[in-house]
Amino acid sequence: MRFSLQSPNGENLFVAAYYQGESESIYFTNKREDACSFATITKAIQVALKVEEYTGFKPAIFSTCF
């Protein structure tokens, strides 16, 4: 099972990429099939907290079947 992140309230906005490091970057997409996925729930939560820190919204975590 893998995990992806979606904006709250069921809006069609998904995390497409998250780059960690010296200059962190978060990219979004409005296509569910282009959303990135994370191998562990721990990583999905870690990225969700970063998204909340930078954008102010807490994304929903959902399981994907990749």
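Provided above is the structure to which this section pertains.
Keep in mind that what you see is a predicted model, and the values were worked out from it rather than measured.

Asks: Where do I start with helix H1 (residues 41-55) in this structure?
Replies: The periodicity of an α-helix, 3.6 residues per turn, causes residues three or four places apart in sequence to face the same way. The first and last C-alpha atoms of H1 sit 21 Å apart over 15 residues, in line with the 21 Å expected at 1.5 Å per residue. Looking only at H1, the buried set comprises Ala44, Val47, Ala48 and Val51. For H1, the arc enclosing every buried residue in end-on projection is 110°, short of the 170-degree limit, so these residues lie on one face. In H1, the exposed positions that point more than 90 degrees away from the buried face belong to Thr42, Leu49 and Glu53. Close packing links the buried residues of H1 with strand E1 (2-6), strand E2 (14-19), strand E3 (25-29) and strand E4 (60-64).

Asks: Looking at this structure, I do not really get the environment of Phe38. What am I missing?
Replies: Of note, Phe38 is situated in the loop between E3 and H1. Looking at Phe38, the relative accessible area reads 9%, which means it is buried. Distance from Phe38 to Phe3, taken between C-alpha atoms, is 5.0 Å for residues 35 residues apart in sequence. With residues up to four places along the chain from it excluded, the contact list for Phe38 reads Arg2, Phe3, Leu5, Lys43, Ala44 and Val47.

Asks: What's the story with the pattern of salt bridges in this structure? I'm lost.
Replies: Charged atoms that come close allow side chains of opposite charge to pair. Per the counting criterion, the structure on display carries two salt bridges. One salt bridge in this structure joins Lys50 and Glu24, with 3.7 Å as the shortest N-O distance. Highlighted residues: Lys50 in helix H1 and Glu24 in the loop between E2 and E3, separated in sequence by 26 residues. Residue classification places Lys50 among the partly exposed residues on the basis of a relative accessible area of 23%.

Asks: Whenever I open this one, a nonpolar patch on the surface confuses me. Can you help?
Replies: Taken together, Ile41, Ile45, Leu49 and Ile61 make up a surface patch of nonpolar side chains, about 320 Å² in accessible area. Looking at the nonpolar patch element by element, the count peaks at three residues for H1. Within the secondary structure, Leu49 is located in helix H1.

Parameters at a glance
Residues numbered from 1 in each chain as written. Predicted model: local features only at pLDDT ≥ 70, side-chain atom pairs only at ≥ 80, totals over all residues. Heavy atoms only, no water. Helix = DSSP H or I, 4+ residues; strand = E, 2+ residues; numbered from the N terminus. Expected span 1.5 Å × (residues − 1). Buried < 20%, exposed > 50% of the residue type's maximum accessible area, 1.4 Å probe, protein only. Arc of directions from axis to C-beta. Contact = heavy atoms within 4.5 Å. Salt bridge = Lys/Arg side-chain N within 4 Å of Asp/Glu carboxyl O. Patch = residues over 30% accessible without salt bridge, like charges linked within 9 Å, V, L, I, M, F, W, Y side chains within 5 Å. Areas by Shrake-Rupley, 256 points an atom, 1.4 Å probe, with all protein chains shown as cover.

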